[in-house]
Amino acid sequence: MSGQLYDVIVVGAGPAGSYIAYELSSSGYDVVVFEEKSAPGLNVCCTGIISTECFQSLDCGTDVVLTKVNSAKFFSPSGRCLRLQTKNVQAYVVNRLLLDKAITSKAQSQGAQYFFSSPVIDIIPGKDSIQVETLCFGAREIFSTRAVVLANGFRPKLPRKLGLGKITNFLVGAQAEIEVKNVDEFEVYFGQEIAPGAFAWLVPTSANKAYVGLLAISQAKLHLQKLLNNLSGQGRITSREVEIGQKAIPVGTLARSYGDRVLVIGDAAGQVKPTTGGGIYFGHLGAKIAAEVLDEALSSDNLTAGQLSRYQKQWKVKMGKELSRSYWARWAYGKLSDRQIEGLFNVFGSNGMAEVLLNSGDFSFDWHSKLILAVLRHSSVYPLLRIRHLLFREVSS
Ligand SMILES: Cc1cc2nc3c(=O)[nH]c(=O)nc-3n(C[C@H](O)[C@H](O)[C@H](O)COP(=O)(O)OP(=O)(O)OC[C@H]3O[C@@H](n4cnc5c(N)ncnc54)[C@H](O)[C@@H]3O)c2cc1C
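Asks: Just to check I follow, could you spell out the overall build of the protein for this structure?
Replies: Scanning the protein from terminus to terminus reveals eleven helices and 18 strands. A compact globule built from 397 residues should have a C-alpha radius of gyration of about 21 Å, and the protein, at 22 Å, falls within 12% of that. For the protein, the C-alpha atoms occupy an extent of roughly 65 × 50 × 35 Å along the three principal directions. By residue count, 44% of the 397 residues in the protein fall in the buried class. Sequence separation of at least 24 residues holds for 69% of the intrachain contacts in the protein that already meet a minimum separation of 6.

Right, dumping it as structure tokens:
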């Protein structure tokens, strides 16, 4: 195996890595994917909420869907509830194990080869090829390839080793799957005591099961434990034992997502919505753009950093502004006190403003910056004025 020169080696069989493996193998390239886990989608800490746009683009069939979302209850720090509903389905909750398996199967059906239980431990750039060092079932092996795609999630070691920089801003997500009663709708909780700098959620996945989770700037597990205790106290949790998983989520982008013979996609590149921590769709868009740029580079045998820099230009055009506006909006939200967040609920709840925004052309499940700007137009209201002030001060400093 290791004597052969592959066209592309992908590091990581998450949604981004397997999707690019699918695209490139469909174009006829020899693609190999190395994944450190023993199978795709094992023990993934993720709620799996994706927009209808993302669901259609992934094209993995309805077997991966747990539930559909067209309404949600938003709770203020004091417990005030704002319920919003749309006529159409806005999002799907997908089972990550099944989703990752489905994308892997699609790639395999196009000829991509997978090596599981095979962590990549080093990448050594060369002039005519690039070497990938792995531990295949514990045995050290070196593979040669024309190009490498890093799709290994938020793990700074390999990008940093290749001189591509390091993402320093991140949130921590924690989640548990629980048995519940009386949970029939998506619930979102706000408040700096509940989830500092972000929010918490309760997402039903079947008649008596739900994900409860949160994003926070720190101590996510501890805050989730408090929320679980709270929900238990309300008699809504019926599980005896709860296992909490946690994972860091990048909320900033890699300085360079390309190098000689290398591209970086998905969480590894910071292609994640900073408002919600959702990375499946933006990583998928990154994978699509990377596949197009790599196809051109492989067919012209020009895999220099100069040629591959087109990837970064293109994905920044597609989602750069969105990521940076959302980044600052979430940052400014993190500076608000619970009283000010309560004030926001008063604004949105009192005169039907939330419904107006929801039904306006500014609302999109994936693209939040239009909505953020629309909200900031109501800047005569104090909490929004403060967000606007913080945003402009930070962006112009
Ligand atoms: C609590 C929580 C809830 C979330 N909920 C949502 C949600 O509802 N919707 C949404 O869109 N996003 C959500 N996310 C984010 C989402 O999970 C990620 O954005 C998404 O998984 C990123 O996909 P990826 O393919 O880039 O990376 P990953 O899914 O992280 O896949 C990377 C793969 O690379 C493998 N790997 C790593 N290093 C190596 C190595 N050296 N060698 C070989 N293999 C390696 C890993 O084992 C992994 O399988 C959530 C995250 C958290 C923490």
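Asks: Would you explain the packing of helix α6 (residues 280-299) against helix α7 (residues 305-334) in this entry?
Replies: When two helices pack together, their arrangement is given by the angle between the helix axes and by the axis-to-axis distance. Their axes nearest at 9 Å, the elements α6 and α7 cross at an angle of 150 degrees. The angle between the axes of α6 and α7 places the two elements in the roughly antiparallel class. Relative to α7, α6 is oriented so that their crossing is right-handed. In this structure, α6 contributes Phe282, Leu285, Gly286, Ile289, Ala290, Val293 and Ala297 to the contact, and α7 contributes Gln307, Leu308, Arg310, Tyr311, Gln314, Trp315, Lys318 and Met319. Split into classes, the residues belonging to the contact of α6 with α7 amount to ten nonpolar, three polar and two charged.

Asks: How should I be thinking about the site of the ligand in this particular structure?
Replies: As a matter of local geometry, the ligand sits amid 38 residues, with Gly12, Gly14, Gly153, Gly266 and Gly279 nearest to it. Of all the elements in the fold, those that place two or more residues in the shell around the ligand are α1 (15-26), β3 (49-51), β12 (170-179), β16 (245-250) and α6. Each residue belonging to the shell around the ligand can be placed in one class, and the counts come to 17 nonpolar, 15 polar and six charged. Summarising the domain contributions, the shell around the ligand has at least three residues from each of domain 1 (5-46 + 96-167 + 254-320) and domain 2 (65-95 + 169-249).

Asks: Would you take a moment to explain the sheet that holds strand β4 (residues 65-69) for this structure?
Replies: By way of backbone hydrogen bonds, the strands of a sheet pair with one another, either parallel or antiparallel. Pairing is antiparallel in the open sheet, where three strands are placed in the order β3-β7-β4. Each having just a single partner strand, β3 and β4 make up the two edges of the open sheet. Neighbour-to-neighbour, the strand axes of this sheet turn through a mean angle of 30 degrees, independent of strand direction.

Asks: Can you help me understand unusual backbone geometry in this one?
Replies: Unlike most non-glycine residues, asparagine 43 shows phi in positive territory, near 50 degrees. You can see asparagine 43 is positioned in the loop between β2 (31-34) and β3.

Asks: Would you mind going over the sheet that holds strand β6 (residues 81-85) with me for this structure?
Replies: Sheet architecture is open: seven strands sit in the order β6-β5-β13-β14-β15-β12-β16, paired in mixed fashion. The strands lining the two open edges of the sheet, one partner per strand, are β6 and β16. Strand-to-strand twist across the sheet, computed as the mean angle between neighbouring axes with direction ignored, equals 20 degrees. With four bridges joining them, strand β13 (residues 186-190) and strand β14 (residues 199-206) adopt antiparallel strand pairing. Bridge pairing in β14 links tyrosine 189 to alanine 200. Sitting on the sheet, helix α5 (residues 220-233) is in contact with β12, β14, β15 (209-216) and β16, with an inclination near 140 degrees to β15.

Basis of the calculations
- Residues numbered from 1 in each chain as written.
- Predicted model: local features only at pLDDT ≥ 70, side-chain atom pairs only at ≥ 80, totals over all residues.
- Helix = DSSP H or I, 4+ residues; strand = E, 2+ residues; numbered from the N terminus.
- Rg over C-alpha atoms; globule rule 2.2 N^0.38 Å.
- Buried ≥ 20, exposed ≤ 12 C-beta atoms within 10 Å, placed from the backbone.
- Contact = placed C-beta atoms within 7 Å.
- Axes fitted to C-alpha atoms, helices over the stretch in contact; angles between N-to-C directions.
- Parallel < 35°, antiparallel > 145°, perpendicular 65-115°, else oblique.
- Left-handed = near helix turned anticlockwise from the far one by under 90°.
- Nonpolar A, V, L, I, M, F, W, Y, C, P; charged D, E, K, R; others polar.
- Near = placed C-beta within 6 Å.
- Domains from an automatic or database assignment.
- Pairing = 2+ DSSP bridges.

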